[in-house]
Every structure is written in structure tokens, then in C-alpha cells.
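# Observations on the model geometry
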Amino acid sequence: MKKFSKILSVLLIFAIAVTAAAGCSFRSTGSGGGNGSGMTAERQTVVFNTEEEGERTLYSNYAQAYEAVKRTSVAIIMSTAEGTSAGSGVIVDVQYESGANNKDVYIVTCHHVVESGGDITLYLPDENCRYDNEDYIFEGYIGGDITGENAVSLIGGDKTSDIAVIKLDLSKPALSGTRLSADNIVKAQVPTEEGYSLSVAEEVFAIGNPTGELPGSFSAGYISYLDRVVSVADIGDMHLVQIDVTSNHGNSGGGLYNLYGELVGITNAGNDDYQQINFAIPFESVSAEENNGFVRIAEELLSTYTGANYGFVEGHRESFGFTVLESNGSVGVAAITAGSQAESAGLKVGDIITGIAQNGGTKISVSSVADVSGVIERLVFGDTVTIYGERQKSSFPWGGSSYEDFSVTLTARQYRFCDTGK
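Just so we're clear, the structure is a prediction, and the values are computed from it rather than from any experiment.

## Structural notes on the packing of aromatic side chains
- Within this structure, the stated rule accounts for six aromatic pairs.
- Ring centres 5.6 Å apart and planes at 75° place the aromatic pair Tyr-66 and Phe-218 in the edge-to-face group. Here Tyr-66 is found in helix H2 (residues 62–69), whereas its partner Phe-218 is found in strand E11 (residues 217–232), with 152 residues between them in sequence.
- Relative accessible area serves as the criterion here: at 37%, Phe-218 is assigned to the partly exposed category.
- With a centroid separation of 6.1 Å and an interplanar angle of 25°, the aromatic rings of Tyr-196 and Phe-283 are classed as stacked. Here Tyr-196 is found in the loop between strand E9 (163–169) and strand E10 (203–208), whereas its partner Phe-283 is found in the loop between strand E15 (278–282) and helix H4 (294–304), with 87 residues between them in sequence.
- With relative accessibility at 13%, the residue Tyr-196 sits in the buried group.

This is the structure we're talking about:
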């Protein structure tokens, strides 16, 4: 593993700070419920092929199940000018294009693993389940125009559900310069038995890349709770499966498997303050509110990918990126997300919001958070919202301040990982 360790010697795991929602944050988030955890969690840093009915094998122990699926797990390294981050992924499909050289491998991971964009290096396990074989290491780039020139590229990603799909083009050479045969790829299976669903106390195991330097690592445990509403840092409320399987930064995007060797979850979050409290995105919805199972999300990302724009999930609106708080009858901007539409439009922390209007219509006076959220929550894609307010202009040496009026206009947009403009 000499080469792999060297690459990770400058590892910088991102997004490990716990965040809690306060006031009203204008992002797409799930709704809380009676089964909520009352805690926050940290993000850990297609066509699904299935077995034919009757071919499922219930393995008698973890060792047998792990042996069957160990080569479905991949390690992911993202590199930007700011640093390097690590995560995991799962091979879910290999597709051959008849009459062509194209052999596309599809890999599911977490959106937050790849959301930084930049250079991506993909490490597949070889026949000996080693990750330092350059015949199994591929490079690419995520972000900007979709060119098709890279071995590794993005199909699409959805921040709300924290799922992304990346593609490996086997017609492109590996790091060694050779081309890998699709026969050397092992893909995961998802459950197909009608009526099967996860259950509390069911035995499961995870394979991932903890610390970013230990790809292919196994850990086992149980399903602790089926539908836990957890506030995940920089994402918001998510309906997740709670597991007591050991999971660390670098495990994000890795697979959670049952004793049939089937992929039943994607590991994505945990809590550093407590032991064995971790979470995974289930293969199918565990909530009656919205089907955010990773199978449906990945299939929608694949179906909306055009080769000019990345795939997206219909109805998941981009966050405007600002938070407001109410105090003494006034509503003020409490936080602005870096790089957000709100920041680009010129909204600033400390701004006092006095009015709001939809699609250039009549301005409504604002005196509470509900006045703002009531308008924003009604927006559909393409709608605009204009925010009117007062901004501190200067402070006088003898006390008091002068203010100036301002307005900013924001547009409700479909959330996409990266809109290439085409």
C-alpha cells in the first residue's frame, strides 16, 4: 500500500463540525417526528442488478458474507487546492454497450464525499482485495463541463438525500496505463425478495475506508432503529437507519450489507460524542413521508443525466443559503452560507428584513420568521423572491447608527450538483 499511504499522507477530512439548525434556515430538509433523535450527527468523511428469485443465499456467518461482497467496496480520494479528503463507495452495476468498447461501471457514494469537486482517484480492490494495484486505480475530475475524457466522472448528486453516482469508464486506461477487463469487477446486489425489509436487531456489516487509509475494512453489528430523524451537519433532517456498526470518518459512502450479502444501506453519518451511534441511508424508504431510499435516488440521478448536465432529483430545491432569527419584533439575517445564492446576491449577516415579495408582486411587511418562510415555502422552480430590508451603513462616535434600504432577488432553482449551463 505504499502508493496509497503516500497519497493520503496529506489527508484533510472535511465537514466534521456538528451543526444545529436555529431559527429558520431556507434549505430543503425533512420533517422531524416523534421518532426524532433529539441530537445532531456529523457527516462521515442506474440500474441495480439483483439476484433472480430463488438465488439468494443466507450465509451462516459474517466471514462467508464478507468474502462474497468484499470486492464491491471502493476507496475514493478527492483533491482540491484546499486539501485532500477521503471516502468510500459501492459498485452497483456494470453495463456493456452493444457493438462498442464502452464498459461503464456505476458506483454509489455519499454526495458529501464528492461535493467539493476537483480531482478524484478511485481505488478498486484487485483479485487479492488489495488497493495498491495500479491496474485497479483510476483518475478523473468532477465539476464543470462534462467532457467524457476522464476515466472517472460524475453522473449526478443530490445533497438533500446525500447520494451521488459516479461512473468509471473502463475504455480508459488505469493508472498503470493498461485497460481493466469488466470481468474483474464485482458488483453488489440489492434485496429483491418481495416483502423483505430491514428490521431492528437484524445483523448487518459495513465495508469502508476508515481514517482514509484503511480501505476494505470490515465492521459488524445490528440495526438499532429503523426510522431515526437526525439533523446531519450541512444537510438538515434525514430519515436514517440507526446502526451500532463501528463507523469512522472515511467510511462515508461505503456499503452496509445483510447476511444475504445484499447492499441494504450506505453509511453516511455518526456522532463523535457517543460510541456506536451511527447512521446509514437505507436501500428503500423507512419513512412514510418521502421515499429517499438510495436505490430510488440513484435511479433518478441516472435517468436525468444527459451527458451535458449532471443528474438531479426532481423536487429537491436548492437552498438559498441564509438563516433568519426573530428578536423584539424584528427579523434579522443570522447566517449566510459561503458560496450560496444569498451570498452572491449580496445578502449580509445583520441585515434587518422588513418586507418580502414573490415574483415581483406586492411587498408584504415582515415582522416574524413565519412571514418569510411562508413565502419561500410556496415557491416553485423559476419563481423569484425579493427581500427588502435595512442595512447598517455607519456608526456615529456619540452612539447610534445610520441605515440604508436594500433589496435582493433570489430565484428558486432545482438543486443540481453542478449546472454546466448547457
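## Quick word on the environment of Ala-280
- With respect to the secondary-structure elements, Ala-280 resides in strand E15.
- When its relative accessible area of 1% is taken as the criterion, Ala-280 is described as buried.
- Residues in contact with Ala-280, not counting those within four places in the same chain, are Leu-240, Val-241, Ile-243, Leu-256, Ile-266, Thr-267 and Asn-268.

## Considering the pairing of E15
- Within E15, five of the five residues are buried, which leaves it mostly tucked inside the rest of the structure.
- In this sheet, E15 lies alongside strand E12 (residues 236–243) in antiparallel orientation, the contact comprising three bridges. The residue bridging Ile-243 from the neighbouring strand is Asn-278, located in E15.
- Direction of pairing for strand E14 (residues 263–270) relative to E15: antiparallel, over a ladder of five bridges. Directly across from Ala-269, in E15, lies its bridge partner Phe-279.

About the criteria used
Residues numbered from 1 in each chain as written. Predicted model: local features only at pLDDT ≥ 70, side-chain atom pairs only at ≥ 80, totals over all residues. Heavy atoms only, no water. Phe/Tyr/Trp six-rings, centres within 6.5 Å; stacked < 30°, edge-to-face > 60°. Helix = DSSP H or I, 4+ residues; strand = E, 2+ residues; numbered from the N terminus. Buried < 20%, exposed > 50% of the residue type's maximum accessible area, 1.4 Å probe, protein only. Contact = heavy atoms within 4.5 Å. Pairing = 2+ DSSP bridges.

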